[in-house]
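# Structure assessment
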Amino acid sequence: MDFQDYKGVWVFIEQKDGAVASVSLELLGAGRKLADKRGVELAGILIGENVKHLTNTVFEYGADTVYVYDQPIFKHYRTESYMKALLECSDKHKPEIILFGATSTGKDLASAVATDLPTGLTADTTELDVEEETGLLLASRPAFGGNIMATILCKKYRPQMATVRSKVMKALPPQLGRTGKIVEETIALKEEDIRTKVLEIVKATVKKVRIDEADIIVAGGKGLGSYEGFQLIHQLAETLGGAVGASRDVVEAGWIDHAHQVGQTGVTVTPKIYFAIGISGAIQHIVGMKNSGLIIAINKDKEAPIFQNCHYGIVGDAFEIVPILIEQFKQALS
Ligand code: FAD
């Protein structure tokens, strides 16, 4: 593999319902800095059906070139079809770096592409830079429970790949009317080549929750053990007339919707009372709730960092303590 053949920084442009995902715009901002430092082009790779008009947005947010696959087969995201397009395009144009949003689509696609190429992939990167002498991508992310920052390099393979969560990087202010080069690509891919069929898309009906406006928030973490265990949080919130909050790990486990996530990549809240139950107290959670009026933590580990960030701490099992609290509050409020 001759590294000299690989040039340029690419961003996978995620799109849905006729709009570019905000994480892709943020990555164009990050990618622009990397491309300028390397003295190379920044390109977007846009895959979908009826998406060509989105190239305008991609240029306005910093790209020089957009590779576009606009075909009916790409109407819905499917790992196989999108992966094939990306692999083909990467093989043809040889970028040195490809960035993806760490969304469910981005994570799925990036890992499939990295496996097939094969190359390395750094997930959930929080800082991106390039080493001047070597041009290597420096992809940094918290490791060991956030206690250290690890900088991960991909020395032996190209392209170098990373996923980045939304709201970690900053989009550049759009330059309205800015344009660039559109490279239209097509792939000879038939519907029968793809094993997955999208039969129907059912949109989740999520109740709009405004936890940033609630006076009382009962937030639960991974310590609740399961979706069923997490229902205890709903019961306590209901008893107190409060809103339900959650740590990111709970949202990622699918126990509750992202609208309930408190923290760096969720909502910042300042209720009068904040219960943190079965939440360890990672810094990314603390930044989102530390200004609450009264913080009450329940955790079975007396060393949990949450106890450094609360007014009252109860060391014990949530499944023993919370039912007692519900009972007592019900009586007091009746
Ligand atoms: P864990 O860390 O697994 O903690 C579970 C806790 O429950 C433990 O302390 C355990 O002692 C306790 N426990 C277990 N069983 C019981 C029981 N029966 N009773 C009582 N206690 C029990 N996190 C966020 O919350 N919000 C964010 O916005 C956020 N953004 C992030 C952004 C980035 C870039 C990164 C890298 C991370 C982010 N995180 C965020 C993740 C964060 O680092 C932690 O991984 C996460 O907060 C941990 O969630 P948790 O406390 O629920 O789970």
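The notes below deal with the structure included here.

What counts as what
- Residues numbered from 1 in each chain as written.
- Predicted model: local features only at pLDDT ≥ 70, side-chain atom pairs only at ≥ 80, totals over all residues.
- Heavy atoms only, no water.
- Phe/Tyr/Trp six-rings, centres within 6.5 Å; stacked < 30°, edge-to-face > 60°.
- Helix = DSSP H or I, 4+ residues; strand = E, 2+ residues; numbered from the N terminus.
- Buried < 20%, exposed > 50% of the residue type's maximum accessible area, 1.4 Å probe, protein only.
- Lys NZ or Arg CZ within 6 Å of the ring centre and 35° of its normal.
- Near = heavy atom within 4 Å.
- Polar contact = N/O pair within 3.5 Å; in protein donor to acceptor, adjacent residues only side chain to side chain.
- Areas by Shrake-Rupley, 256 points an atom, 1.4 Å probe, with all protein chains shown as cover.
- 1 Å grid on protein atoms, 1.4 Å probe; cavity = no way out; pocket = protein on both sides within 12 Å on 5 of 7 lines; lining within 4 Å.
- Sits in = over half its atoms within 2 Å of the grid points.
- Expected span 1.5 Å × (residues − 1).
- Contact = heavy atoms within 4.5 Å.
- Core = buried A, V, L, I, M, F, W, Y, C linked by side-chain atoms within 4.5 Å.
- Pairing = 2+ DSSP bridges.
- Axes fitted to C-alpha atoms, helices over the stretch in contact; angles between N-to-C directions.

Below, the discussion takes up the packing of aromatic side chains. Applying the stated criterion across every chain yields a total of eight aromatic pairs. When the ring of Trp10 is compared with that of Tyr67, the centres are 4.9 Å apart and the planes differ by 40°; the resulting orientation is tilted. Here Tyr67 lies in strand β5 (residues 65-70) and Trp10 lies in strand β1 (residues 9-13), a separation of 57 residues in the sequence. The class for Trp10 is buried, based on a relative accessible area of 2%. Here Phe12 and Phe100 contribute two aromatic rings whose centre-to-centre distance is 5.8 Å and whose plane-to-plane angle is 35°, an arrangement assigned as tilted. Residue Phe12 is located in strand β1, and its partner Phe100 is located in strand β6 (residues 97-101); the two are separated by 88 residues in the primary sequence. Since its relative accessible area comes to 2%, Phe12 is described here as buried. On the basis of relative accessibility, which here comes to 0%, the residue Phe100 falls in the buried class. Within the aromatic cluster, the residues linked to one another by ring pairs are Phe12, Tyr69, Phe74, Tyr77, Tyr82 and Phe100. One residue, Arg158, lies across the ring of Phe3, its end atom 4.0 Å from the ring centre.

Let us now look at the site of the ligand. The environment of the ligand is made up of 27 residues, and the closest members are Lys222, Ser247, Val262, Thr265 and Ser280. Lys222 places a main-chain nitrogen or oxygen 2.7 Å from an oxygen atom of the ligand. One of the side-chain N or O atoms of Gln261 is found 2.9 Å from an oxygen atom in the ligand. Across the complex, the protein chains shield 83% of the 980 Å² of accessible surface that the ligand would expose by itself. Assessed atom by atom at 2 Å from the grid points, the ligand resides in the second largest pocket. Elements with a minimum of two residues in the shell around the ligand: α6 (248-252), α7 (283-286) and α8 (318-333).

This next bit is on helix α4 (residues 104-116). Two residues of an α-helix separated by three or four positions point the same way, owing to the 3.6 residues in each turn. Across its 13 residues, α4 extends 19 Å between first and last C-alpha, which sits within 8% of the 18 Å expected from 1.5 Å per residue. Looking at the packing, one finds that the buried side of α4 touches β1, α3 (79-93), β6, β7 (121-125) and β11 (160-164).

This brings us to unusual backbone geometry. Most peptide bonds adopt trans geometry, and most residues besides glycine take a negative phi value. For the bond from Leu117 to Pro118, the omega torsion is -10°, close enough to zero to count as cis. Take Pro118: it is sitting in the loop between α4 and β7. Its identity is not glycine, yet Asp17 carries a phi of approximately 50°, on the positive side. Checked against the element boundaries, Asp17 lands in the loop between β2 (15-16) and β3 (19-20). The backbone phi angle of Asn50 is positive, close to 55°, even though this residue is not glycine.

Residues Leu28, Leu99, Leu128 and Leu137 are the most contacted members of the largest nonpolar core, which totals 30 residues. When residues of this core are assigned to their parent elements, the largest contribution, six residues, is made by helix α1 (residues 22-38). Discounting chain neighbours no more than four positions away, the residues touching Leu99 are Trp10, Val11, Phe12, Leu27, Gly31, Leu34, Leu128 and Ala162. Residues Ile47, Phe74, Leu87 and Ala110 belong to the second largest nonpolar core, which totals 27 residues.

Glancing now at the sheet that holds strand β9 (residues 137-143). The sheet built from three strands is open, its strands ordered β8-β9-β10 with antiparallel pairing. Two strands in the sheet have a free side with no partner beyond their single neighbour: β8 (127-130) and β10 (148-152). Direction aside, neighbouring strands of the sheet carry axes that sit 25° apart on average. Bridge analysis of β9 against β10 gives five bridges, and the strand direction is antiparallel. Within the sheet, the bridge partner assigned to Pro142 lies in β10 and is Met149. Contacts from α1 reach β8 and β9, with the element oriented near 15° to β8.

Tracing the sequence through the fold places Thr186 in the loop between β12 (181-185) and β13 (216-220). Assessed through its relative accessible area of 62%, Thr186 is described here as exposed. On a C-alpha basis, the gap between Thr186 and Val68 in space is 8.2 Å, while along the polypeptide they are 118 residues apart.

Interpretation note: all reported values are geometric properties and have no functional meaning in isolation.
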